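Report on the structure
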Amino acid sequence: MMNELSERQIKILNVIIRTYMETGEPVGSRTISKASDLNLSSATIRNEMSDLEEMGYIVQPHTSAGRVPSDKGYRFYVDQLMKDKEQEISEMKDFVIEKTERMEKVLKTMAKLLAANTNYATIVSAPQTHRGKVKFIQLSNVDKGQVLATVMLDGNIVRNKILRVDTDLDQETMLKLNILLNGSLNGLALEEINLITISQLKDQAGIHSEVVSDVLDAVAEAVQTDDELEIYTSGTTNIFKYPELADSEKASELISAFEEKQELKDLFIAADEEPGTGIQVYIGSESPIQRMKDCSVVTATYELGDGIHGTVGIVGPKRMDYEKVVDNLKTLKTQLEEIFHPGEDAKEPGGLLTDKKESE
């Protein structure tokens with residue numbers, strides 16, 4: 001079908017179908033000229049519409065100038081849209097995988113360099129989202145009675161969930177549900193999806209309202225899911241260089257604290273709850289991790305845009321060189337934000353913090 005139509009005819013057909021789906025009224029040449037960027041006269045548009053009608057893509061329901069899509073026209077639109085969406089999903093998944101792998105490499109390098117620069121232990125958390133907003137939803141059939149709901153949140157965070165359905169959904173029904181869900185939910189945070197929105201969605205979904213309910217549950221799970229926080233550590237053995245932390249009991253407690261991811265997670269939660277995104281200093285018993293009560297912990301939150309953030313921490317003795325630690329954290333925080341800030345050219349990990357021992 002694609003080869004049968006010119007690019008101009010495809011654009012006109014798409015305008016007719018989208019406009020008719022929104023209004024339910026036959027679409028005329030004047031409406032098309034206003035709704036498209038073709039810059040064509042009404043006469044030219046009418047000629048193209050006549051050709052589209054002759055080829056069976058649109059029909060004229062009565063003697064008015066308006067046209068509506070035929071079954072053949074709908075089929076062309078559905079096939080074209082499904083192809084575009086499949087490509088879009090594939091590109092998004094590739095981007096997320098590539099970005100995740102690169103992020104892991106950068107953060108591990110950061111942790112090692114920071115430990116080398118300070119002679120203390122370092123902790124770096126992978127970025128998390130402050131508040132997930134719906135960016136994209138895709139429903140697709142995977143098996144009889146099963147539909148895959150793919151929910152993409154801000155920051156290109158992807159969550160997948162298998163939904164059970166009583167009746168199989170054909171491509172056209174799936175397309176309409178995808179259009180309905182994306183048109184109603186894109187850009188909304190969970191708390192913005194109110195009862196009115198849910199009621200309207202279910203009404204528009206008709207007999208498939210149960211599918212909409214399941215998708216809304218999947219969105220709620222995606223936003224609220226508290227995945228295992230990825231944490232990178234380095235320089236743990238640096239702690240043994242300081243006599244006040246080197247005795248067996250204290251050393252054992254500190255090593256256990258570094259191995260216990262939940263305790264490290266509590267540290268990052270505490271840092272995230274502090275006002276602003278500056279640098280926080282915890283001295284001795286102020287630390288959220290009691291097994292680090294003989295240490296000082298300095299943290300900094302880095303922001304990557306789109307509500308994505310992470311935390312960097314340095315653990316050392318109470319007599320640590322606070323000025324040096326703060327300077328290093330400020331530098332690292334700035335570099336992370338520059339590396340991953342949307343729109344900035346990517347930088348390679350090799351250009352990060354310079355090891356001061358080599359430069360001095």
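Refer to the preceding data block for the structure.
Read on for an overview of the structure. For every chain, the first residue of the written sequence is number 1, and numbering continues from 1 onward in sequence order. In view of the model being predicted, local features appear only for residues whose pLDDT reaches at least 70, and side-chain atom pairs are presented and counted only at 80 or more, with totals across whole chains, interfaces and linings using the full set of residues. Processing note: side-chain calculations cover all non-hydrogen atoms of the structure and skip hydrogens and water entirely.

Secondary structure summary: the protein contains twelve helices and eleven strands in total. Partly exposed residues are those whose accessible area sits between 20% and 50% of the maximum for their type, while under 20% is buried and over 50% is exposed, using a 1.4 Å probe and protein chains only. Taking all 360 residues of the protein together, 43% fall into the buried category. For every accessible area listed, the method is Shrake-Rupley and the probe measures 1.4 Å; residues are considered covered only by the protein chains on display. For the protein, the accessible surface area stands at approximately 18800 Å², while carbon and sulfur atoms represent 47% of it. Each helix is a run of H or I in the DSSP string that is no shorter than four residues. Each strand is a run of E no shorter than two, and both are numbered from the N terminus.

Our next topic: unusual backbone geometry. Peptide bonds are trans in most cases, and residues, glycine excluded, mostly fall at negative phi. If you check the backbone angles, N119 has positive phi at about 65 degrees while not being a glycine. Tracing the backbone through its elements, the reader meets N119 in the loop between helix 4 (71-118) and strand 3 (121-125). Under the relative-accessibility criterion, N119 is labelled partly exposed at 26%.

With that settled, the discussion passes to the packing of helix 5 (residues 171-185) against helix 6 (residues 195-205). Comment: axis = line fitted to C-alpha atoms, over the contacting stretch for helices; angle = value between 0 and 180 degrees taken between N-to-C directions. Remark: helix 5 packs on helix 6, axes separated minimally by 11 Å, with the N-to-C direction vectors making an angle of 165 degrees. By the angle between their directions, the pair helix 5 and helix 6 is classed as roughly antiparallel. As helix 5 runs across helix 6, the sense of the crossing is right-handed. Residues L177, L180, L181, S184 and L185 of helix 5 lie in contact with helix 6, whose contacting residues are T197, L201, Q204 and A205. Think of it as three bins: nonpolar holds Ala, Val, Leu, Ile, Met, Phe, Trp, Tyr, Cys and Pro, charged holds Asp, Glu, Lys and Arg, and polar takes everything else, Gly as well. The class makeup of the residues in the contact of helix 5 with helix 6 is six nonpolar, three polar and no charged. Angular relationships are summarised with four words: roughly parallel below 35 degrees, roughly antiparallel beyond 145, roughly perpendicular across 65 to 115, and oblique for the angles in between. Crossing handedness: left-handed means the near helix sits turned counterclockwise from the far one by under a right angle, and right-handed means the same turn made clockwise. Note on definitions: a residue-residue contact is assigned when non-hydrogen atoms from the two residues lie within 4.5 Å.

As a further point, take the packing of helix 1 (residues 7-23) against helix 3 (residues 42-54). Where helix 1 meets helix 3, the axes come as close as 10 Å, and the angle between the chain directions of the two elements is 85 degrees. Compared by their axis directions, helix 1 and helix 3 come out roughly perpendicular. Note on element contacts: helix 3 touches helix 1 through T44, E48, M49, D51 and L52, opposite R8, Q9, I12, L13 and I16. For the contact of helix 1 with helix 3, a count of residues per class yields five nonpolar, two polar and three charged.

A few words now on the pattern of salt bridges. Only one rule defines a salt bridge in this text: a Lys or Arg side-chain nitrogen within 4 Å of an Asp or Glu carboxyl oxygen. Within this structure, the stated rule accounts for six salt bridges. Between R67 and E53 there is a salt bridge, with the nearest N and O atoms lying 3.0 Å from each other. You can see R67 sitting in the loop between strand 1 (58-59) and strand 2 (68-69) and its partner E53 sitting in helix 3, a full 14 residues away along the chain. Of the residues examined, E53 reaches a relative accessible area of 29% and is grouped as partly exposed. Here R75 ties to E172 by a salt bridge, and the two come within 3.5 Å at their closest N and O atoms. With R75 in helix 4 and E172 in helix 5, the pair connects residues that are 97 residues apart, well separated along the chain. Residue E172 is classed as partly exposed on the basis of its relative accessible area of 30%.

Quick look at the pairing of strand 6 (residues 146-153) now. Counting buried positions over the eight residues of strand 6 gives eight, a clear majority of the element. Side chains Q146, L148, T150 and M152 of strand 6 all project onto a buried face; the interleaved residues V147, A149, V151 and L153 project onto the opposite face, where all are buried too. Summarising the sheet, strand 5 (residues 134-143) and strand 6 pair through eight bridges and their orientation is antiparallel. Looking across to strand 6, one finds that D143 is bridged to Q146. Each pair of strands is called paired provided DSSP finds at least two bridges between the two strands. Hairpin connection of strand 5 to strand 6: two residues between the antiparallel strands, including G145 at a positive phi of 80 degrees.

Because an α-helix completes one turn every 3.6 residues, residues spaced three or four positions apart along the sequence face the same direction. By this rule, a helix spans an expected 1.5 Å times one less than how many residues it contains. Compared with the 16 Å implied by 1.5 Å per residue over twelve residues, the 16 Å span of helix 9 (residues 248-259) between its first and last C-alpha is a close match. Of the residues that open helix 9, the one with a side-chain oxygen 3.1 Å from the backbone nitrogen of E249 is D247. Side-chain atoms alone can form a polar contact between residues adjacent in sequence; in general such a contact is a pair of N or O atoms within 3.5 Å, and within protein one must be able to donate a hydrogen while the other accepts it.

What follows concerns the packing of aromatic side chains. Pairing of aromatic side chains here covers Phe, Tyr and the six-membered ring of Trp, requires ring centres within 6.5 Å, and sorts the geometry by plane angle: under 30 degrees stacked, over 60 edge-to-face, intermediate tilted. What the rule picks out here adds up to two aromatic pairs. Taking the centre distance of 5.7 Å and the plane angle of 35 degrees together, the rings of Y120 and Y242 count as tilted. A residue pair is termed long-range when its members are at least 10 positions apart, and Y120 in the loop between helix 4 and strand 3 and Y242 in the loop between strand 8 (231-234) and helix 8 (243-246) qualify at 122 residues. For the residue pair Y120 and Y242, the accessibility class agrees, reading buried in each case. Two limits define a charge over a ring: the Lys NZ or Arg CZ must be within 6 Å of the ring centre, and within 35 degrees of the ring normal. Just above the ring of Y57 sits the side chain of K72; from NZ or CZ to the centre is 4.5 Å.

This paragraph deals with the nonpolar core. Note that soluble globular proteins tend to have their nonpolar side chains buried in a common cluster. Of all hydrophobic cores here, the largest spans 23 residues; its most connected members are L139, L181, L185 and V215. Breaking this core down by element, the ones donating at least two residues are strand 5, strand 6, helix 5, helix 6 and helix 7 (209-224). Every residue in contact with L181, bar those within four places of it in the chain, is listed here: I137, L139, N186, L201, V212 and V215. Definition used in this section: a nonpolar core is a set of buried Ala, Val, Leu, Ile, Met, Phe, Trp, Tyr and Cys residues joined via side-chain atoms within 4.5 Å. If you look at the next biggest cluster of nonpolar residues, it comprises 21 residues, including V106, M110, V325 and L336.

Residue position: R159 is located in strand 7 (residues 157-164). For R159, a relative accessible area of 22% puts it in the partly exposed group. R159 sits 60 residues away from V219 along the chain, and the two C-alpha atoms are 8.5 Å apart.

If you trace the backbone, V15 turns up in helix 1. Sequence separation between V15 and S33 is 18 residues; the distance between their C-alpha atoms is 9.5 Å.

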